[in-house]
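One-letter residues, chain by chain:
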Amino acid sequence: MNPTFIFMLTHNDVTVADARARVRELGDAGVEVIGFKDIGLPVEELKLLSDDIRKSGRKVALEVVSLDPDTELESAAAAVGLDVDYLLGGTCPEGVLPLIADTRIRYFPFCGQIEGHPSKLMGDANAIAHDAARLTAMNGVDGVDLLAYRWHGGDVPGMVSSVIDAARGKVIAAGSIDRVERVRDLAKAGVSAFTVGTAAFSNRFPAIGSGLRAQVDSILQIGLEGEFAVSKTMIENAAGRIVHQVRETPVVRADGLFEQQGGNVFLKLESLQHSGSFKARGAFNTLLSMDVPPVGVVAASGGNHGAAVAYACRKLGISAEVFVPEISSPTKLDRLREYGATVHVVPGTFANALEACNERQEQTGASSIHAYDALSVVAGQGTTGREISKQIGNVDTVLVAVGGGGLIGGISSWFRGDVKVVGVEPLSCRSMAAALEAGEPVDVDVGGLAADSLGARKVGNIAYDAARRFVDQVVTLQDADIRAAQLFLWNEYRVVAEPAGAAALAPLLTGAYVAEAGENVCVLVCGGNTDLATLSAA
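Not measured: the values here are computed from a predicted model.

**Q** Looking at this structure, I do not really get the overall build of the protein chain. What am I missing?
**A** The helix and strand inventory of the protein chain stands at 22 helices and 22 strands. The globule rule puts the C-alpha radius of gyration for 538 residues at 24 Å, and the 25 Å found for the protein chain is close to it. Counting the 538 residues in the protein chain, one finds 58% classified as buried. In the protein chain, of all internal contacts separated by at least 6 residues, the share reaching a separation of at least 24 is 70%. Accessible surface computed for the protein chain: about 19800 Å², of which carbon and sulfur atoms make up 48%. For the protein chain, the distance from the average site of its 46 positive side-chain charges to the average site of its 64 negative ones is 5 Å.

If you want it as C-alpha cells, here you go:
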C-alpha cells in the first residue's frame, strides 16, 4: 500500500501568505489531506484556511514547529478551534494531550531531538527509535512525526525502518522530501504518510507544466514501482513549444563506413545544436512550461546542461545560476560565463554540485531545472527522436550515449519499442547498466574521460522507467574506445565531438555492436563542447 500524501501549504517551514488561493489552485487534485504550520499566518487566517480545506472535501493537518513550550501549547489549543483532523509535530506531548482529549484529533508528535527552524533532527538512530517507542506508548498518541531527511546521521531509510519497528503507531515522514527517490524509499520502508511543501512550491518534482497543481499531480503518481511515463503527445507538445528556439540539426550519412557489413550509418549532429549539445531542447521546453520567479533559475550540471540553461535563460531574459563540479572542462565553464550565468564550481562530482544547487534553491526560492530527471526535460530531449524519425524514415537502430539518462529516456519514449535503442556508457560511468542489473537506480562510482558529461552517480528515475521498457541493450566501453571514436569523427568527417558526444559511435568501431545487412543505424553525436587542441592527435 502506498503512503498517504499530505500536501503542506508551507515554504521553509512557514505557512505561505496566499495559502487560501493555493487551495483554490489545487482544484480537484486527488490529494486527500492538506496541512499548514503554526507559523506564518494569524489564527484567524488559519481558521478561514482550515474551513476552505474542509469545504474542498479534504482533511486538515496542522504541524507545530514552534520550539518553545508555551507557544506549542497555544498552537495545540488553537488546533481544537481550527477543527483539524491531524496535529503533527511539537515536543511536549505531556502538555498537549490534555488539551486535545475528547476530540477526534489524531496526534503525531516529533520523535527524537529537534533543533532550530527550519527544524532539524538530531541524535543517533537508536535514540530516535527509542523515543518513538516511548511516545507511542502514551495514551492518546497515534504515531510519530519523523523528520527523516532533516537527519544527517547516516542511512536515512535504515533509520526510518528502525523507527517504524520501534513505534507502536504509525509514522508520518516530514521534512525535505524533495525528490522521487526519497518518496519511494519512504514508501518501501513502510511509512503511513509523508508531507511535501517547499519542494512542490519550488517545482522540485518531475512534472509537465509548472505550478502547484502540476507538482501535486506528479507527486500523487509516485508509487513503489512508479512510472513517470513520457508519452509521444508530451514530446509532440514539446516540439511545438520549442520549434522557434532550437535548431533542427542535420543528419549526414557516414559514407563508406560500414557498407562491408551491409548496414547504413547516419550521424545525427546534435553537436551543432544551440549551446553545443542536445540539452538546449530540454532547457527550453522546461522554461517555456513554467512560471519562473523573479529570482530566476538554478541548475546543476557537468557543463552541457548548464550551458543550455544559461543560453535559454539569456534568450528568454531570465537570470541563471549554475553549479558545476570541479571536473568540468574549462571549455564548458567558459561557455557558461559567455552566456551570462553566475557559475559556482563545486569540489567533487555532479552529485556534489547537485547538492549545492539544491541548497541554493532552498535559500533563494529560484526554480530548479534538473539535468535529466524531470518530465519536461526528458520530453524536450525526446524531440531528438522525433526529428530522427522524420529525417531517416526507415531507421532501425539508434545508438545513444547515457549519463543521467535524459536523452535515452526521451528518445526511447518516442520510439516505444518500434525502433531498437541501444545505450552506450563508459565502464567508468555505468549508471544505466548498473540500474538495469539491480532492478532500480543505484549509486555507482564515476570517473574517466567523459565524466563531465556522462558522470551521473545514479541514473534518473524517468530514464530508468523508460529504459527497462523500451531500451534493447546497454553497451559499456573503455575510455580508449571513446577517445578513438572522437578522433575518428574528426579525422574522417571533420566533426567536432566531445568524448560523450562521440561515445555512441564507439560500439560500431569496436564491434561491440555490428550492423546487420540493410540495417539503418543512427548514431547520436550528442555534444561538441570540447577543446579543439584535444583533436590534434591524428
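What follows continues from the structure just given.
**Q** Would you mind showing me how to read the pairing of strand β16 (residues 320-325) here?
**A** Remark: a regular strand shows side chains that alternate across the two faces of the sheet. The buried fraction of β16 is high, at six of six residues. Neither face of β16 is exposed, since A320, V322 and V324 on one face and E321, F323 and P325 on the opposite face are all buried. Relative to β16, strand β15 (residues 297-300) runs parallel, the two being bridged by four bridges. By the bridge assignment, V297 is partnered in β16 with A320. Note that the unit made of β15, helix α12 (residues 304-316) and β16 has a crossover that is right-handed. Bridge count for β16 against strand β17 (residues 342-346) is five bridges, and the pairing is parallel.

**Q** In this structure, what is going on with the pairing of strand β12 (residues 193-196)? I would like to understand it.
**A** Taking every second residue as pointing to the same face, both faces of β12 are buried, with A193 and T195 on one and F194 and V196 on the other. Where strand β1 (residues 4-8) lies against β12, four bridges are found, and the strand directions are parallel. Residue pairing for β12: F7 is matched across the bridge by V196. Relative to β12, strand β11 (residues 170-173) is paired through two bridges, and the arrangement is parallel. For A173, the partnering residue across the bridge sits in β12 and is F194. Between the parallel pair β11 and β12, the chain is carried across by helix α7 (residues 180-189), and the sense of this crossover is right-handed.

**Q** Looking at this model, I keep getting lost on empty space enclosed by the protein. Mind explaining?
**A** A water-sized probe rolled over the atoms picks out the places where empty space is left. Under the definition given, this model contains one cavity of 30 Å³ or more. Approximately 320 Å³ is the volume attributed to the largest cavity. In this structure, the largest cavity is lined by 30 residues; those nearest its centre are K279, G403, G404, S453 and L454. Residue assignment for the lining of the largest cavity shows that the elements contributing at least two residues are α12, α16 (406-415), α18 (451-454) and α21 (499-502). Top contributing element to the lining of the largest cavity by residue count: α18, with four residues. The residue makeup of the lining of the largest cavity, split by class, is 13 nonpolar, 14 polar and three charged.

**Q** Looking at this model, I keep getting lost on the nonpolar core. Mind explaining?
**A** One recurring pattern in soluble globular proteins is that nonpolar side chains are buried together. Ranked by internal contacts, the top residues of the largest apolar core, which has 68 residues, are F7, L9, L87, L146 and V163. Aside from chain neighbours lying at most four places away, what touches V163 is C111, I128, A129, A132, V144, L146 and V171. Formed by 61 residues, the second largest nonpolar core is a distinct cluster that contains I388, V395, V398 and V402.

Cut-offs and rules
- Residues numbered from 1 in each chain as written.
- Predicted model: local features only at pLDDT ≥ 70, side-chain atom pairs only at ≥ 80, totals over all residues.
- Heavy atoms only, no water.
- Helix = DSSP H or I, 4+ residues; strand = E, 2+ residues; numbered from the N terminus.
- Rg over C-alpha atoms; globule rule 2.2 N^0.38 Å.
- Buried < 20%, exposed > 50% of the residue type's maximum accessible area, 1.4 Å probe, protein only.
- Contact = heavy atoms within 4.5 Å.
- Areas by Shrake-Rupley, 256 points an atom, 1.4 Å probe, with all protein chains shown as cover.
- Lys, Arg positive; Asp, Glu negative; His and termini not counted.
- Charge placed at Lys NZ, Arg CZ, Asp CG, Glu CD.
- Pairing = 2+ DSSP bridges.
- Right-handed = clockwise from strand over helix to strand, strands pointing away.
- 1 Å grid on protein atoms, 1.4 Å probe; cavity = no way out; pocket = protein on both sides within 12 Å on 5 of 7 lines; lining within 4 Å.
- Points joined across faces, edges and corners; volume = space filled by probe spheres on them.
- Nonpolar A, V, L, I, M, F, W, Y, C, P; charged D, E, K, R; others polar.
- Core = buried A, V, L, I, M, F, W, Y, C linked by side-chain atoms within 4.5 Å.

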